[in-house]
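# Summary of structural features
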Amino acid sequence: MLDFAPNRDPVAFNRGAETGRSRGGLMTFDGAVFEAREINAWRGDRHILRDLSFSVRPGEFLKVTGPNGVGKTTLLRVICGLLPAETGELWWRGQSVRGRRDEFNFELGHLGHLNSLKGDLTARENLKFLAGLRTTLTAQTIDATLDRVGILSRGDLPARSLSAGQKRRLALARLLLADAALWILDEPVTNLDTAGIRLVEELIVDHVERGGLAIAAAHQRLLDDAPCLRRLELEP
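The text that follows walks through the structure, step by step, so that each part is easy to find. (Residues numbered from 1 in each chain as written. Predicted model: local features only at pLDDT ≥ 70, side-chain atom pairs only at ≥ 80, totals over all residues. Heavy atoms only, no water.)

## Observations concerning the packing of helix H5 (residues 139-148) against helix H6 (residues 164-178)
For the pair H5 and H6, the least separation of the axes is 9 Å and the interaxial angle reads 130°. By the angle between their directions, the pair H5 and H6 is classed as oblique. The two elements H5 and H6 meet at a crossing, and its hand is right-handed. Contacts between H5 and H6 involve Thr141, Thr145, Leu146 and Arg148 on the former and, on the latter, Leu170, Ala173, Leu176 and Leu177. Its residues placed into classes, the contact of H5 with H6 shows 5 nonpolar, 2 polar and 1 charged. (Axes fitted to C-alpha atoms, helices over the stretch in contact; angles between N-to-C directions. Helix = DSSP H or I, 4+ residues; strand = E, 2+ residues; numbered from the N terminus. Parallel < 35°, antiparallel > 145°, perpendicular 65-115°, else oblique. Left-handed = near helix turned anticlockwise from the far one by under 90°. Contact = heavy atoms within 4.5 Å. Nonpolar A, V, L, I, M, F, W, Y, C, P; charged D, E, K, R; others polar.)

Here it is as structure tokens:
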């Protein structure tokens, strides 16, 4: 069972979102609407997700909540293609993701439980290598992003020597550099202090104000009073 309660009316498409043009210097994402249609997923002999349907529009942040084991991470893994759904479909830009997974994945940025960093590479090298798989990055862009997440001074340190919170910030930097329309975030404030949590909230708000979309599984408070918030409560 689920309780799907929007915090506000769905975001109406603006002219910039329809055309993909810049509005006031901010890039919008053309027609980037995500839909899950009657998703069913099992974990062992447990029917975790049952006929789950929802949509997310440009400018919206969907927070997925519920007790441990209810299927929050399972849902995110299904969206990312890391776990197949038994039945149901995902739609992106008005078309089924089935048969278009590579195209969809290119517009998807994923922050999982694990930071997925290369421990022997420095923070800068991690961004150059991992984010650089999607786009060409300049040294100035990498440094600006490290500065944005508050770890510019740690740029030349191996990732393995960073604290847990600094590793999470580095993973956030990689997410920013992906320039993806849809963010999928699994417990994004893990290992972060109060300042780090505030940073995550700022990054999400910045992203959706540009016309992006974000879906996060979270136990903690996260933008609970923000106008962009919508809620998806999963129940056993």
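## Topic: the layout of surface pockets
Estimates place the volume of the largest pocket at around 380 Å³. Where the lining of the largest pocket is concerned, the elements lending two or more residues are strand E9 (108-111) and H6. Among the elements that line the lining of the largest pocket, the one with the most residues is H6, at 4 residues. Classifying every residue of the lining of the largest pocket by side-chain character gives 9 nonpolar, 4 polar and 2 charged. (1 Å grid on protein atoms, 1.4 Å probe; cavity = no way out; pocket = protein on both sides within 12 Å on 5 of 7 lines; lining within 4 Å. Points joined across faces, edges and corners; volume = space filled by probe spheres on them.)

## Some details on the nonpolar core
Counting residues in each nonpolar core, the largest one holds 36 residues, and the members touching the most others are Phe61, Leu170, Leu172, Trp183, Ile204 and Leu222. Listing elements by their share of this core, those giving two or more residues are helix H4 (123-130), H5, H6, strand E10 (182-186), helix H7 (194-209) and strand E11 (213-217). In terms of residues, this core owes the most to one element, H6, which gives 6 residues. Every residue in contact with Trp183, bar those within four places of it in the chain, is listed here: Gly109, Leu175, Leu176, Leu203, Ile204, His207, Leu213, Ala214 and Ile215. Counting residues in hydrophobic clusters, the runner-up holds 31 residues, among them Ile48, Val64, Leu108 and Leu213. (Core = buried A, V, L, I, M, F, W, Y, C linked by side-chain atoms within 4.5 Å. Buried < 20%, exposed > 50% of the residue type's maximum accessible area, 1.4 Å probe, protein only.)

## Details of the packing of H4 against H6
Axis separation between H4 and H6 bottoms out at 10 Å; the angle between their running directions is 35°. Handedness of the crossing formed by H4 with H6: right-handed. Residues Ala123, Asn126, Leu127 and Leu130 of H4 pack against Leu170, Ala173, Arg174 and Leu177 of H6. Split into classes, the residues belonging to the contact of H4 with H6 amount to 6 nonpolar, 1 polar and 1 charged.

## Remarks on H6
Helical geometry: 3.6 residues make up each α-helical turn, so side chains three or four residues apart lie on a common side. The terminal C-alpha atoms of H6, which comprises 15 residues, lie 22 Å apart, in line with the 21 Å expected from a rise of 1.5 Å per residue. Of all 15 residues in H6, 11 are buried, a share of seventy percent or more. Taken together, the buried positions of H6 are occupied by Gly165, Arg168, Arg169, Leu170, Ala171, Leu172, Ala173, Arg174, Leu175, Leu177 and Ala178. Among the residues trailing H6, Asp179 stands out with phi positive, at a value near 50°. (Expected span 1.5 Å × (residues − 1).)

## Concerning unusual backbone geometry
A positive phi is found at Arg93, a non-glycine position, where the angle reads about 55°. Structurally, the position occupied by Arg93 is in the loop between strand E7 (87-92) and strand E8 (95-96). In the Ramachandran plot, Asn191 falls in the positive-phi region, its phi being about 70° despite a non-glycine side chain. When you line up the elements, Asn191 lands in the loop between E10 and H7.

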